[in-house]
Amino acid sequence: VRRVTRGFDPGEGDVQIEAAAEAYRAFFSVQEYDLRYRRFDGSFSPSVRRAAFVSVDAVTVLPYDAARDRVLLIEQFRAGPLARGDVNPWQFEAIAGRIDADEAVEDAARREAVEEAGLQLGVLLPVARYYPSPGISAECLYSYVGLCELPDGVEGVFGLAGEAEDIRGHLIAFEEAMAMAASGEIGNAPTLLTLFWLAGQRNRLRFTG
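The following paragraphs examine the structure supplied in this document.

Rules used throughout
- Residues numbered from 1 in each chain as written.
- Predicted model: local features only at pLDDT ≥ 70, side-chain atom pairs only at ≥ 80, totals over all residues.
- Heavy atoms only, no water.
- Phe/Tyr/Trp six-rings, centres within 6.5 Å; stacked < 30°, edge-to-face > 60°.
- Helix = DSSP H or I, 4+ residues; strand = E, 2+ residues; numbered from the N terminus.
- Buried < 20%, exposed > 50% of the residue type's maximum accessible area, 1.4 Å probe, protein only.
- Axes fitted to C-alpha atoms, helices over the stretch in contact; angles between N-to-C directions.
- Parallel < 35°, antiparallel > 145°, perpendicular 65-115°, else oblique.
- Left-handed = near helix turned anticlockwise from the far one by under 90°.
- Contact = heavy atoms within 4.5 Å.
- Nonpolar A, V, L, I, M, F, W, Y, C, P; charged D, E, K, R; others polar.
- Polar contact = N/O pair within 3.5 Å; in protein donor to acceptor, adjacent residues only side chain to side chain.
- Core = buried A, V, L, I, M, F, W, Y, C linked by side-chain atoms within 4.5 Å.
- Pairing = 2+ DSSP bridges.
- Expected span 1.5 Å × (residues − 1).
- Bend = angle between axes of the 7 residues up to and from the residue.

### Observations regarding the packing of aromatic side chains
Part 1 of the argument: Counted by the stated rule, this structure contains four aromatic pairs.
Part 2 of the argument: Between Phe77 and Trp90 the ring centres are 5.2 Å apart and the planes differ by 70 degrees, which places this aromatic pair in the edge-to-face class. Of this pair, Phe77 sits in strand S5 (residues 70-77) while Trp90 sits in strand S6 (residues 90-93), and the two are 13 residues apart along the sequence.
Part 3 of the argument: Assessed through its relative accessible area of 46%, Trp90 is described here as partly exposed.
Part 4 of the argument: Ring pairing ties together the aromatic residues Tyr24, Phe28 and Phe53, which thus form one cluster.

### A closer look at the packing of helix H3 (residues 174-183) against helix H4 (residues 189-208)
Part 1 of the argument: Direction vectors running N to C along H3 and H4 enclose 135 degrees, while the axes themselves pass 11 Å from each other. On the basis of the axis angle, H3 is oblique to H4. Seen along the crossing, H3 lies across H4 with a hand that is left-handed. In contact with Phe174, Glu175, Ala177, Met178 and Ala181 of H3, H4 contributes Leu192, Leu195, Phe196, Leu198, Ala199 and Arg202.
Part 2 of the argument: Of the residues contributing to the contact of H3 with H4, the split by class is nine nonpolar, no polar and two charged.

### Here's the deal with the side chain of Ser143
Part 1 of the argument: Looking at where Ser143 falls in the secondary structure, it is placed in strand S9 (residues 141-147).
Part 2 of the argument: You can call Ser143 buried: its relative accessible area is 1%.
Part 3 of the argument: Side-chain polar atoms of Ser143 contact the side chain of Thr60, separated by 2.7 Å.

### Section: the nonpolar core
Part 1 of the argument: Leu62, Tyr64, Val71, Leu73, Leu195 and Leu198 are the most contacted members of the largest nonpolar core, which has 20 residues in total.
Part 2 of the argument: Among the secondary structure elements, those contributing two or more residues to this core are strand S4 (58-65), S5, strand S8 (124-130), H3 and H4.
Part 3 of the argument: Look past the residues within four positions of Val71 in its chain and what remains in contact with it is Leu62, Pro63, Tyr64, Leu150, His170, Leu171, Ile172, Ala177 and Leu198.
Part 4 of the argument: Leu72, Ile95, Leu121 and Cys148 belong to the second largest nonpolar core, which has 19 residues in total.

### Thoughts on the pairing of strand S1 (residues 15-25)
Part 1 of the argument: Examined bridge by bridge, S1 and strand S2 (residues 29-37) share nine bridges and lie antiparallel to one another. Bridged to Ala19 within S2 is Asp34.
Part 2 of the argument: Taken together, S1 and the strand that follows it, S2, pair antiparallel across an intervening segment of three residues.

### Some details on H4
Part 1 of the argument: Taking 1.5 Å per residue, 20 residues should reach 28 Å; H4 reaches 28 Å between its end C-alpha atoms and fits that length.
Part 2 of the argument: Maximum bend of H4: about 55 degrees, positioned at Gln201.
Part 3 of the argument: Of all the residues in H4, the buried ones are Pro190, Thr191, Thr194, Leu195, Leu198, Arg202 and Leu205.
Part 4 of the argument: Where H4 is buried, its residues touch S4, S5, S6, S8, S9 and H3.

Okay, structure coming up:
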């Protein structure tokens, strides 16, 4: 639960749901709501229709080798950029995946690292828990940096055959990864957020272990 220090602190009845329906269910669901909500002046909004993508929570983890000062990014085809008309729907990303029912968040991060990159992670450093697109999605992400050794040759092509995954790993020096972020070559939000967090922690991790 978000601790309120400055923003609106909702109470019972501040959101009034008049009707709810599931408009779609397959890879995720789409929920539609007719609702009213309390405005900042204390009054209620008119009845409005809002919709949201609903999916289970997910985790992302960026492997980082502090001694070699490099990260491992994965590359894979993504339907979202394709649907938008992006000329290149292959994305550079941190390792990511859905959290299974009754699975601990950190356990999901470690499982995905094995499935998508063949890596055994050491210490997991929490970056943030956040909604990547709260205007349209109920998805909540947990992002981590995973400390590990990333020697030459650790890259490969991984993924679950049953999910038709084709995931390629790239060993990238930290400074090059930041240059890719600045140029737009990395356009994946959780990866950008995690790289920027790592930039602020990098010296501590490199020189204090």
